[in-house]
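Structural characterization, general
The lines below spell out each chain.
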Amino acid sequence: MTTAKSSGSVAKKLRQIAWVFDLNKCIGCQTCSVACKVLWTRDEGEQHQWWMSVNTMPGLGTPKNWQEMGGGIDPETGKPRPGHQPTREEFGGGFDFNYDEVFYGGTAGKAHLEPQGPRENRWAMNWDEDQGAGEWPNSYYFYLPRMCNHCTNAVCVDACPTGALQKRPDDGLVLRDEEICMGDRFCMEACPYKKISFNYERHVAQQCIGCFPRIEAGVAPACVRQCPGRAVFVGYLDDEEGPVHRLVEEWGIALPLLAEAGTGPNVYYVPPLAPSRLNEDMSIDYDTPRIPPEYLESLFGPAVHGALAKLKGEMETVRNGGSSEMLKTLIAYKWKELLGPFTVDPAELTPNGNGVGA
Amino acid sequence: MKVANVQAGHDLADPRAATWTSIAHESVSLAPVPLRNQPNEYIRTKWADRPYGETPSASVAAASDGERIYLLLEWEDDPRPNGEFQDGAAVLFSSGNSDGLATLGTPTSPMTLWYWEDRRPAPLVLQSSGPGVFRKQGNGNLAAQAGLRDGRWSVVLSGPAAIPPDAKVGVAVWNGTNEERAGLAAVSREWLPLELS
């Protein structure tokens with residue numbers, strides 16, 4: 001926790017909410033994606049937006065080929081790295097469907113629901129889901145939930161000429177004032193994760209808001225609360241007794257994605273262990289995981305090898321009858337342990353009761 | 001620039017109205033907002049080696065029926081197709097202080113923009129304190145009609161005629177094909193005094 005002075009006031013403590021996704025537990029069910037969409041991206045111009053998305057890795061993801069779109073900070077110069085603003089086509093999705101034809105067209109089941117418009121270059125949020133990489137029997141993939149990282153060095157905030165984007169000191173969430181946003185989209189270029197979308201109807205950029213109205217009412221973000229696999233934790237990074245701090249700082253097994261982009265992301269990942277490779281004679285090569293370690297290093301940095309080794313070690317300890325605080329934390333026997341201090345049940349909120357409207 | 005007096009019942013909201021041909025047009029030379037004045041390092045880095053604001057000139061004509069003032073802006077369109085960004089233009093009104101025309105205002109001398117952008121549903125009043133340092137002030141009872149013909153944009157921006165007698169205007173143009181927006185604009189080199197009848 002650090003402090004910041006605001007003029008004429010007592011030094012304000014800077015706090016940061018962070019997320020940890022355990023990629024060993026994520027099954028790519030997209031409940032988090034849909035939980036977010038149902039809450040936040042159903043209005044005009046938001047049809048194609050997925051503030052939370054789960055991509056199959058390796059894969060092109062969303063927007064298509066986002067990892068090649070630049071942005072972030074150049075590690076050699078320390079200057080902002082020019083980036084590409086993803087186009088509507090590169091995000092894809094937001095399809096119009098032929099509902100009338102299928103349900104009322106009298107085609108006796110011959111017509112089926114399909115996206116309208118040209119098929120060429122069609123893309124959507126999880127278009128390459130489950131494709132992965134590798135050759136049978138050693139093909140491999142894992143799921144990577146992605147959202148705004150509410151970065152410590154938020155380049156989107158720096159790139160915005162109007163000041164519409166600000167990082168809150170109380171919780172580190174990066175939020176946008178849509179009354180100020182002019183839709184300039186430098187933020188979309190600057191973000192190395194390409195998790196900012198554009199609303200072509202209202203002419204504003206939009207991204208994950210950290211479910212801040214829920215946070216302010218003590219309710220966990222929807223993506224965390226709805227996850228059926230208990231795969232995601234939320235909490236303050238400086239809460240030394242909380243799982244987020246322990247996984248990130250104490251045990252060091254929750255790692256940032258593409259840390260070399262220089263923005264200091266606050267969404268962390270426990271890297272995925274992989275099944276062992278099969279040899280040509282179908283014997284098991286226990287020493288070689290199917291997910292190439294160098295691929296994981298390209299995403300999570302060189303610390304990924306130590307994190308995976310630690311994870312394996314703790315699992316071995318438990319298999320041999322020992323105990324592991326780290327594994328107990330990851331298993332999350334008690335669901336509320338995933339939620340940090342945000343354990344209020346939204347069903348118990350009343351209009352004007354907990355300060356939250358209906 | 002003389003603001004022509006017109007009677008009610010005119011059709012000057014339409015840039016194609018024949019009435020405009022009888023109203024004096026002024027040609028305004030434009031120049032890019034300087035790169036060094038762009039408001040943050042990201043924009044200065046991204047556009048360091050990329051030209052912008054190269055629309056060389058625009059023409060302006062003005063008329064008023066006493067209730068509303070009508071400003072016709074015309075300029076050559078970039079013939080290449082637009083991608084993610086659309087063409088835009090603005091009439092700039094000085095706050096009395098003549099500083100900051102080249103940078104679309106300054107923090108101490110903000111200016112008011114009547115801003116039009118292709119495909120935005122309505123024009124906006126913006127307060128501008130620098131290149132792209134805009135604050136939306138609502139629609140301000142503005143209206144706009146635009147047309148693109150023979151490679152030339154014609155846009156009529158109209159608004160309340162409550163203009164001070166020593167008013168000066170400038171013009172800014174954004175080439176959407178070149179992804180120009182915010183402070184990446186071509187802006188008039190000099191203020192144009194409005195001569196109200």
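Keep in mind the model is a prediction, meaning the values are calculated, not measured. (Residues numbered from 1 in each chain as written. Chains lettered and ligands numbered in written order. Predicted model: local features only at pLDDT ≥ 70, side-chain atom pairs only at ≥ 80, totals over all residues. Heavy atoms only, no water.)

1. As for the overall build of chain B
- Along its length, chain B carries 1 helix and 14 strands.
- Here the C-alpha atoms of chain B give a radius of gyration of 16 Å, agreeing with the 16 Å that 2.2 N^0.38 yields for 197 residues.
- Across the 197 residues of chain B, 54% fall into the buried class.
- Sequence separation of 24 or more characterises 66% of the internal contacts of chain B that already satisfy a separation of 6 or more.
- For chain B, the computed accessible surface area is about 8,600 Å², with 48% contributed by carbon and sulfur atoms. (Helix = DSSP H or I, 4+ residues; strand = E, 2+ residues; numbered from the N terminus. Rg over C-alpha atoms; globule rule 2.2 N^0.38 Å. Buried < 20%, exposed > 50% of the residue type's maximum accessible area, 1.4 Å probe, protein only. Contact = heavy atoms within 4.5 Å. Areas by Shrake-Rupley, 256 points an atom, 1.4 Å probe, with all protein chains shown as cover.)

2. Describing the overall build of chain A
- Helix and strand counts for chain A stand at 11 helices and 14 strands.
- Against the 2.2 N^0.38 benchmark of 21 Å for 358 residues, chain A shows a C-alpha radius of gyration of 22 Å, consistent with a compact globule.
- The dimensions of chain A, computed from C-alpha atoms along their principal axes, are 70 × 55 × 50 Å.
- Counting the 358 residues in chain A, one finds 49% classified as buried.
- A sequence separation of at least 24 residues applies to 64% of the contacts in chain A between residues at least 6 apart.
- Total accessible area on chain A is roughly 17,200 Å²; 51% of this is exposed by carbon and sulfur atoms.
- Side-chain charges of chain A comprise 34 positive and 47 negative groups, with the mean position of each set lying 4 Å from the other. (Lys, Arg positive; Asp, Glu negative; His and termini not counted. Charge placed at Lys NZ, Arg CZ, Asp CG, Glu CD.)

3. Side note on the pairing of strand S3 (residues 17-22) of chain A
All names here are of chain A.
- Burial within S3 is extensive, with 6 of its 6 residues counted as buried.
- The two faces of S3 match: Ile17, Trp19 and Phe21 on one face and Ala18, Val20 and Asp22 on the other face are all buried.
- The pairing of S3 with strand S10 (residues 232-236) spans 5 bridges and is classified as antiparallel. When the sheet's bridge partners are listed, Ala18 is paired in S10 with Gly235. (Pairing = 2+ DSSP bridges.)

4. Describing helix H9 (residues 293-300) of chain A
Residues and elements named next belong to chain A.
- All buried positions along H9 are accounted for by Tyr295, Leu296, Leu299 and Phe300. The buried residues of H9 occupy one face: seen down the axis, they fall within an arc of 115°.
- Residues of H9 that are buried sit in contact with strand S4 (53-57), strand S5 (142-146), strand S11 (255-256), strand S12 (267-270) and helix H10 (303-319).
- Just downstream of H9, Gly301 is the residue with a positive phi angle, here 85°. (Arc of directions from axis to C-beta.)

5. Overview of the confidence of the model for chain A
- Looking at chain A as a whole, the pLDDT averages 94, with 94% of positions reaching at least 70.
- Below pLDDT 50 for its whole length, residues 3-9 of chain A participates in 8 contacts with residues either more than four positions away or in separate chains. (pLDDT = per-residue confidence, 0-100.)

6. Observations regarding the pairing of strand S10 (residues 152-160) of chain B
Residues and elements named next belong to chain B.
- Counting buried positions over the 9 residues of S10 gives 7, a clear majority of the element.
- In the sheet, strand S4 (residues 68-76) pairs with S10 via 9 bridges, with the strands oriented antiparallel. Within the sheet, the bridge partner assigned to Tyr70 lies in S10 and is Ser158.
- Between the antiparallel neighbours strand S9 (residues 143-149) and S10 lie 2 residues, among them Asp150 with a positive phi of about 55°.

7. Describing the interface of chain A and chain B
- The interface is formed by 29 residues belonging to chain A together with 23 residues belonging to chain B.
- Here chain A and chain B share an interface that buries about 2,100 Å² over both sides, 54% of which is from carbon and sulfur atoms.
- Together, Pro80, Met182 and Phe186 of chain A form the three largest contributors to the area buried by chain A at its contact with chain B, with a combined 29%.
- Across the chain A-chain B interface, the total number found is 4 salt bridges.
- Ionic pairing is found between Arg185 of chain A and Glu84 of chain B, a salt bridge with its closest N-O pair at 3.8 Å.
- Viewed at the interface, chain B and chain A are joined by 19 residue pairs in polar contact (both at pLDDT 80 or more).
- Among the elements of the structure, helix H2 (88-91), helix H4 (155-159) and helix H5 (186-190) of chain A are those that each provide at least two residues to the side of chain A that touches chain B.
- The element best represented in the side of chain A that touches chain B is H5 of chain A, accounting for 3 residues.
- Across the side of chain A that touches chain B, the residue classes break down as 13 nonpolar, 6 polar and 10 charged. (Buried area = accessible area lost by both parts, 1.4 Å probe. Salt bridge = Lys/Arg side-chain N within 4 Å of Asp/Glu carboxyl O. Polar contact = N/O pair within 3.5 Å; in protein donor to acceptor, adjacent residues only side chain to side chain. Nonpolar A, V, L, I, M, F, W, Y, C, P; charged D, E, K, R; others polar.)

8. Overview of the pattern of salt bridges
- The final tally for this structure, using the stated rule, is 19 salt bridges over all chains.
- Between Glu46 of chain A and Arg202 of chain A there is a salt bridge, and its shortest N-O distance comes to 3.4 Å. Separated by 156 residues along the polypeptide, Glu46 of chain A in the loop between helix H1 (31-40) and S4 and Arg202 of chain A in the loop between strand S8 (196-199) and strand S9 (204-207) bring together distant segments of the chain.
- Owing to a relative accessible area of 29%, Arg202 of chain A belongs among the partly exposed residues under this scheme.
- Linking Arg16 of chain B and Asp14 of chain B is a salt bridge whose minimum nitrogen-to-oxygen distance equals 3.3 Å.
- One salt-bridge network, in which partners are shared between bridges, spans Glu46, Glu178 and Arg202 of chain A.

9. As for the sheet that holds S10 of chain A
Residues and elements named next belong to chain A.
- Overall, mixed pairing links the 4 strands, which are arranged S10-S3-S12-S11 in an open sheet. Looking along the sheet, the strands with just one partner apiece sit at the ends: S10 and S11.
- The pairing of S11 with S12 spans 2 bridges and is classified as antiparallel. Note that in S12 the partner of Leu255 across the bridge is Tyr269.
- Packed on one face of the sheet, helix H8 (residues 243-250) meets S3, S10 and S12 and runs near 95° to S10. (Axes fitted to C-alpha atoms, helices over the stretch in contact; angles between N-to-C directions.)

10. Describing the nonpolar core
- Among the nonpolar cores identified, the biggest contains 84 residues, and Trp19, Val20, Phe21, Ile253, Leu257 and Phe300 of chain A are the most heavily contacted of them.
- The dominant element in this core, judged by the number of residues it contributes, is S3 of chain A, at 5 residues.
- Ranked by size, the runner-up nonpolar core spans 29 residues in total, among them Val3, Trp75, Val171 and Leu192 of chain B. (Core = buried A, V, L, I, M, F, W, Y, C linked by side-chain atoms within 4.5 Å.)

11. Concerning the state of the cysteines
Residues and elements named next belong to chain A.
- Overall, the coordinates contain 0 disulfides over all chains when judged by the stated rule.
- There is no disulfide at Cys36, and the cysteine sulfur nearest it, in Cys208, is 6.3 Å away.
- With a relative accessible area of 9%, Cys36 lands in the buried category.
- Counting only cysteine sulfurs, Cys187 is the nearest neighbor of Cys181, a cysteine outside any disulfide, at a range of 6.4 Å.
- According to the relative accessible area criterion, Cys181 is buried, its value standing at 5%. (Disulfide = S-S within 2.5 Å.)

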